[in-house]
Amino acid sequence: MISRGLLAVGLLTASTSATVYFTENFDDKWESRWVVPSKWKAAEEIGEWAHTAGEWFGDAADKGIKTSQDARFYGLSAKLAKPFSNEGKDLVLQYVVKHEQRLDCGGAYIKLLGPELDQASFGGDTPYQIMFGPDVCGSTKRTHVIFNYPEAKGEDKNLLIKTDVPTRTDQLSHLYTLHIMAANNSFNVLIDGESVREGSLEESWDFRPPKTIPDPEQSKPADWVDEEMMADPADVKPEGYDDIPATLPDSEAVQPEDWDEEEDGVWEAPMVDNPDYKGPWSPKMIPNPDYKGAWEHPHIPNPEYSPDPKLHARATEVTAVGFELWQVKSGTMFDDIILTDSLDEATEYAKETFWKKQEGEKAMFEKAEEERVEKEKAEREEMKKKAEENGEPFEEGDSPFSVSDMEITEDEDEDDEDWEDEEEEDDENSFTMEL
Ligand SMILES: *[C@@H]1O[C@H](CO)[C@@H](O)[C@H](O)[C@H]1NC(C)=O
């Protein structure tokens with residue numbers, strides 16, 4: 001009974017100590033909280049943020065921000081009420097991304113920024129602590145998880161996860177969550193509440209030198225046999241084998257009647273392949289009885305390695321969050337950002353925001369897609385009719401929309417790999433449309 005009571009108290013303490021450092025749902029006062037950098041690039045290179053619910057949405061009154069001009073840089077940042085550090089605490093960074101355009105190339109990641117930040121000149125060179133979220137360009141489609149690690153060995157202190165994390169590039173809203181766990185220095189990346197990658201921080205980034213190295217004192221013994229097969233000593237070259245020529249004079253050839261020995265020289269039959277020739281001789285191969293397998297270099301502990309018990313503490317002086325992006329085709333939207341030390345808080349926030357709007361948005365998108373397909377079909381019919389009237393040939397390629405593009409249907413993402421492949425096709429088709 002006593003231990004149960006203690007457990008209950010423990011849980012209570014855990015839930016009440018949760019802190020939310022930042023939320024943003026882009027209400028009508030959003031501009032008073034966010035600063036668009038004025039000194040980052042020339043004014044004409046900087047894209048404008050639209051405040052809108054988008055083309056399809058679950059709630060018309062609930063707006064987000066959207067990139068609205070093609071081939072532009074986009075930047076903006078917002079300060080936290082007070083700075084925070086994730087040392088000894090979990091960190092959860094979560095937000096919603098929707099690519100309403102058929103995305104070809106563009107970033108959609110968020111950054112946790114520190115005291116170095118000058119909001120007016122915030123840009124790609126501004127130091128950050130964590131960068132998280134989708135980045136798509138051509139066939140490169142991934143969810144970035146980059147940590148600044150000042151102790152990193154190499155020149156670049158911003159370390160990318162070793163194996164790319166999948167991302168979503170369809171035209172619906174998706175919830176991206178990064179959860180860093182202090183207790184065991186591990187992480188989890190979730191999209192729409194489902195884990196797409198989790199594991200230990202140490203194993204998933206090159207923070208530390210490797211734990212073991214090949215023993216420099218050891219090398220492959222000179223008598224190590226690592227040849228699996230050997231020539232059969234019992235197999236000897238048959239006598240006379242090398243006497244068989246590769247080609248022979250063609251026995252069926254006859255000297256042409258008009259051959260003039262004085263002018264053309266002595267007639268010789270052309271050479272043809274010898275059917276008895278078997279190529280150069282080589283002995284039969286048999287398994288080598290002395291074969292020991294591939295030699296494996298023994299490893300020893302790396303003297304340069306030491307664990308970092310504070311690997312999770314990658315955001316120790318966060319004072320602001322920001323977006324700093326390049327978009328070829330605009331139309332990416334952001335909404336419902338939360339930064340907290342509790343996954344429960346983030347899950348609760350998503351329930352009140354993202355999940356409430358999801359069904360409605362999907363239904364509206366599907367309707368918009370149907371209308372688009374109908375419209376394109378009608379336009380194609382019209383072109384075909386015109387071509388026939390003018391007696392010109394009409395080919396599918398003359399249409400601004402390819403047939404395959406119209407047949408693409410939004411698929412449910414059951415499997416990340418399959419899903420990515422579908423997206424690949426989808427992108428190519430959207431490219432066709434632009435031509
Ligand atoms: C770390 O702890 C969490 C929560 O207990 C657990 O879900 C996760 O699998 C652990 N991660 C690793 C890499 O051990």
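Criteria and cut-off values
Residues numbered from 1 in each chain as written. Predicted model: local features only at pLDDT ≥ 70, side-chain atom pairs only at ≥ 80, totals over all residues. Heavy atoms only, no water. UniProt positions renumbered as here; feature names shortened; annotations may be inferred. Helix = DSSP H or I, 4+ residues; strand = E, 2+ residues; numbered from the N terminus. Buried < 20%, exposed > 50% of the residue type's maximum accessible area, 1.4 Å probe, protein only. Contact = heavy atoms within 4.5 Å. Areas by Shrake-Rupley, 256 points an atom, 1.4 Å probe, with all protein chains shown as cover. Expected span 1.5 Å × (residues − 1). Disulfide = S-S within 2.5 Å. Near = heavy atom within 4 Å. Polar contact = N/O pair within 3.5 Å; in protein donor to acceptor, adjacent residues only side chain to side chain. Salt bridge = Lys/Arg side-chain N within 4 Å of Asp/Glu carboxyl O. Arc of directions from axis to C-beta. 1 Å grid on protein atoms, 1.4 Å probe; cavity = no way out; pocket = protein on both sides within 12 Å on 5 of 7 lines; lining within 4 Å. Points joined across faces, edges and corners; volume = space filled by probe spheres on them. Nonpolar A, V, L, I, M, F, W, Y, C, P; charged D, E, K, R; others polar. Core = buried A, V, L, I, M, F, W, Y, C linked by side-chain atoms within 4.5 Å.

The name an unreviewed UniProt entry gives the protein chain is Calreticulin, with Nannochloropsis gaditana as the organism. As its UniProt record puts it under Subcellular location (unreviewed entry), the protein chain is described as follows: "Endoplasmic reticulum lumen". Regarding the protein chain, the UniProt comment filed under Sequence similarities (unreviewed entry) reads as follows: "Belongs to the calreticulin family."

Participant: Give me the overall build of the protein chain: which residues, what numbers.
Facilitator: Looking only at helices and strands, the protein chain features 7 helices and 22 strands. Among the 435 residues that make up the protein chain, the fraction classed as buried is 40%. Contacts in the protein chain between residues at least 24 apart in sequence constitute 74% of all its contacts with a sequence separation of at least 6. Entry remark: accessible area of the protein chain is about 25000 Å², with carbon and sulfur atoms responsible for 51%.

Participant: Just give me the short version of helix α5 (residues 354–389), but keep the residues and values in it.
Facilitator: The end-to-end C-alpha distance of α5, which contains 36 residues, comes to 51 Å, matching closely the 52 Å that a straight helix rising 1.5 Å per residue would cover. Those residues of α5 that fall on the buried side of the exposure criterion are F354, K357, E361, F365, E369, R372, E376, R380 and A387. G391, located one to two residues past α5, shows a positive phi value of around 65°.

Participant: Give a description of the state of the cysteines that names residues and reports values.
Facilitator: Tallied over the full model, the rule gives 1 disulfide. Across a sulfur-sulfur distance of 1.9 Å, C105 and C137 are joined as a disulfide pair. Residues C105 and C137 are joined by a disulfide whose S-S torsion is about -90°; by sign, that bridge is left-handed. Separated by 32 residues along the polypeptide, C105 in strand β7 (residues 105–107) and C137 in strand β9 (residues 128–137) bring together distant segments of the chain. Exposure remark for C137: the relative accessible area of 39% places this residue in the partly exposed category.

Participant: How would you explain the site of the ligand if you had to name every residue and give the values?
Facilitator: M181, N184, S186, G199 and S200 make up every residue found near the ligand. Here N184 contributes a side-chain N or O atom positioned 2.3 Å from an oxygen atom of the ligand.

Participant: Which residues make up the pattern of salt bridges, and what values go with them?
Facilitator: By the definition in use, this model includes 25 salt bridges. Residue R142 is joined to D164 by a salt bridge in which the shortest nitrogen-to-oxygen separation is 3.4 Å. Here the residue R142 occupies a position in strand β10 (residues 140–148), and D164 occupies one in the loop between β11 (158–160) and β12 (173–181), the gap between them amounting to 22 residues. For E348, the salt bridge identified is with K351, shortest N-O distance 3.7 Å. You can see E348 and its partner K351 sitting in helix α4 (residues 343–352), 3 residues apart, about one turn around the helix. Taking the relative accessible area as the measure of exposure, E348 reaches 40% and is therefore partly exposed. Through salt bridges with shared partners, a single network forms among E55, K66, K98, E100 and E361.

Participant: Lay out unusual backbone geometry in plain terms, naming residues and giving numbers.
Facilitator: Of note, the phi angle at F26 is positive, near 55°, even though the residue is not glycine. Structurally, F26 is set in the loop between β1 (20–24) and β2 (34–35). Assessed through its relative accessible area of 1%, F26 is described here as buried. In this structure, D192 takes a positive phi of about 55° despite not being glycine. With respect to the helices and strands, D192 occurs in the loop between β13 (186–191) and β14 (194–200).

Participant: Tell me about α4, and name the residues and values.
Facilitator: Helical periodicity: at 3.6 residues per turn, an α-helix aligns residues three or four positions apart in one direction. Those residues of α4 lying buried are A346, Y349 and A350. The buried residues of α4 occupy an angular sector of 100° when projected down its axis, which confines them to one face. In the core, the buried residues of α4 are packed alongside β1, β6 (91–99), β12, β22 (332–340) and α5. Among the residues of α4, the N-terminal cap falls to S342, whose side-chain oxygen and the backbone nitrogen of D344 are separated by 3.2 Å.

Participant: Describe empty space enclosed by the protein, naming the residues involved and giving the relevant values.
Facilitator: Scanning all chains against the criterion turns up 4 cavities of 30 Å³ or more. As a volume, the largest cavity reaches approximately 180 Å³. Among the elements of the structure, β6, β22 and α5 are those that each provide at least two residues to the lining of the largest cavity. By residue class, the composition of the lining of the largest cavity is 6 nonpolar, 5 polar and 7 charged.

Participant: Describe the nonpolar core, with residues and values.
Facilitator: Core analysis: the biggest nonpolar cluster contains 55 residues, and W34, Y95 and L339 have the highest contact counts within it. The contacts of L339, once residues within four sequence positions are left out, are V20, Y21, F22, L80, F84, L91, V92, L93, L112, V318 and V321.

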